[in-house]
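Here is what each chain is made of, one letter per residue.
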Amino acid sequence: MPARIPGMITEAGTGTIAALLAAVRSRLAATSETASLDAQVLLAHALGVDRGWLLAHPEAALDAEQLAAFEAGLARLEKGEPLPYILGEWEFFGLKLKVTPAVLIPRPETELLVETALAWLAAHPTKRQAADVGTGSGCIPIALTANCADLQITAGDISPAALAVARGNVGLYTLQDRVHLIESDLLAKMQGPFDLITANLPYIPEGRLAELTITKWEPRVALGGGKDGLRFIEPFLAQAAAKLASGGLLLAEIDASLEAEVLLFASKRWPQARIEVRTDLAELPRLLVVET
């Protein structure tokens, strides 16, 4: 007799987990490099279980309602829609966050920024006033405050729709007293000085946007950095120079092609600071680090 998920799976199901996953892998192979994983995550979401349970019960049978929900998600996935938007959530730094097409999908590369910030905060216990620019889903300030109990962050974004998503995520982890959301064009409406400033701004040169499939689904306003990719990074660094406290840290994610230009611009703003660009897991220049 097939295993059951209480209240959800019936013995008279119309398909089993093993059969569905085997069939779906080939369907997704043309649109996904992680077809097996995508199928597992989507099916687990449709059933309201985790992947561990799913893989431990390949004989479990789905009822018609669950099968229909899975097929609906699968149809969207086959059209190329990102899995996080179908699920309505995604994991970042061990935290499950709500995502919609109003915000970028949090990516593993950005965890380098969070790890760097947390290490610095641990070494500087009196530095607890921070700002996050272009906060999107709120993934950076939420990850930081969830792991640094006395940190206060002002998190801004120019998009009201993005701020609505961030507000939901802040509430999800009851961080309203420590993450203060504000509609702001870069740092314009944020009152400094700040010990820590973080940013993941649009930085992809416009000429490359047309080559990227993500532009079909993710908000273009959060991706395009103008002709040279520096449309937002240059004014951000100019503003940050006036609002970063002495002995503070600035962390900004950049496009790998912008390393030389960003280093030059930052060195002009902070001639006495320690400035570098650190590489991500793919060994690509990714994170601008300015320590004053």
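Above: the structure in question.
Residues numbered from 1 in each chain as written. Predicted model: local features only at pLDDT ≥ 70, side-chain atom pairs only at ≥ 80, totals over all residues. Heavy atoms only, no water.

Draft legend 1. Quick peek at the overall build of the protein chain. Looking only at helices and strands, the protein chain has 11 helices and 11 strands in total. By its C-alpha atoms, the protein chain is 70 × 40 × 30 Å across when sized along the principal axes. Here the protein chain holds 292 residues, and the buried ones make up 49% of them. Considering only contacts within the protein chain whose residues lie at least 6 apart along the sequence, 65% involve residues at least 24 apart. When the accessible surface of the protein chain is summed, it comes to about 13500 Å², and 55% of that surface belongs to carbon and sulfur atoms. Across the protein chain, the centroid of the 25 positively charged side chains sits 4 Å from that of the 35 negatively charged ones. (Helix = DSSP H or I, 4+ residues; strand = E, 2+ residues; numbered from the N terminus. Buried < 20%, exposed > 50% of the residue type's maximum accessible area, 1.4 Å probe, protein only. Contact = heavy atoms within 4.5 Å. Areas by Shrake-Rupley, 256 points an atom, 1.4 Å probe, with all protein chains shown as cover. Lys, Arg positive; Asp, Glu negative; His and termini not counted. Charge placed at Lys NZ, Arg CZ, Asp CG, Glu CD.)

Draft legend 2. Inspection of the side chain of Asp195 at higher detail. Mapped onto the fold, Asp195 is located in strand β8 (residues 194-199). Among buried Asp, Glu, Lys and Arg side chains, Asp195 stands out as unpaired, with Lys127 the closest opposite charge at 4.4 Å. Here Arg128 takes part through its backbone nitrogen, which lies 3.1 Å from a polar atom of the side chain of Asp195. When sequence neighbours within four positions are dropped, the list of residues in contact with Asp195 reads Trp120, Thr126, Lys127, Arg128, Gln129, Leu244, Ala245, Gly248 and Leu249. (Salt bridge = Lys/Arg side-chain N within 4 Å of Asp/Glu carboxyl O. Polar contact = N/O pair within 3.5 Å; in protein donor to acceptor, adjacent residues only side chain to side chain.)

Draft legend 3. The nonpolar core, seen in detail. Among the nonpolar cores identified, the biggest contains 31 residues, and Val133, Leu187, Ile197, Phe236, Leu250, Trp270 and Leu288 are the most heavily contacted of them. If you list the elements that add at least two residues to this core, you get β5 (129-133), β8, α10 (233-243), β9 (244-253), α11 (259-269) and β11 (285-291). Sort the elements by how many residues they give to this core and α10 lands first, with 4 residues. Not counting chain neighbours up to four residues away, the residues in contact with Trp270 comprise Leu237, Ala240, Ala241, Leu244, Leu250, Ile275, Val290 and Thr292. Counting 28 residues, the second-largest nonpolar core is a separate cluster that includes Ala117, Leu121, Cys148 and Leu249. (Core = buried A, V, L, I, M, F, W, Y, C linked by side-chain atoms within 4.5 Å.)

Draft legend 4. Structural detail: the packing of aromatic side chains. Summed over all chains, the structure comprises 1 aromatic pair. Between Phe92 and Phe93, the aromatic rings sit 6.5 Å apart at their centres with planes inclined by 40 degrees, giving tilted as the arrangement. (Phe/Tyr/Trp six-rings, centres within 6.5 Å; stacked < 30°, edge-to-face > 60°.)

Draft legend 5. Representation of unusual backbone geometry. Residues Gly192 and Pro193 are joined by a peptide bond in cis, for which omega reads 0 degrees. Inspection of the secondary structure puts Pro193 in the loop between β7 (179-183) and β8. Of note, the phi angle at Thr174 is positive, near 50 degrees, even though the residue is not glycine. Assignment of secondary structure puts Thr174 in the loop between α8 (160-172) and β7. Among the residues examined, Thr174 registers a relative accessible area of 63% and is labelled exposed.

Draft legend 6. A look at the sheet that holds strand β6 (residues 152-157). An order of β7-β6-β5-β8-β9-β11-β10 is seen for the 7 strands of this open sheet, with the pairing classed as mixed. Each having just a single partner strand, β7 and β10 (274-279) make up the two edges of the open sheet. Adjacent strand axes in the sheet meet at a mean angle of 15 degrees, parallel and antiparallel pairs treated alike. Against the sheet, α10 engages β5, β8, β9 and β11, with an angle of about 155 degrees to β9. Against the sheet, α11 touches β10 and β11, its axis set at about 160 degrees to β10. (Pairing = 2+ DSSP bridges. Axes fitted to C-alpha atoms, helices over the stretch in contact; angles between N-to-C directions.)

Draft legend 7. Local environment of the side chain of Glu218. Note that Glu218 resides in the loop between α9 (206-209) and α10. Residues within four places of Glu218 in sequence aside, it is in contact with Tyr85, Leu104, Ile105, Arg107 and Leu223.

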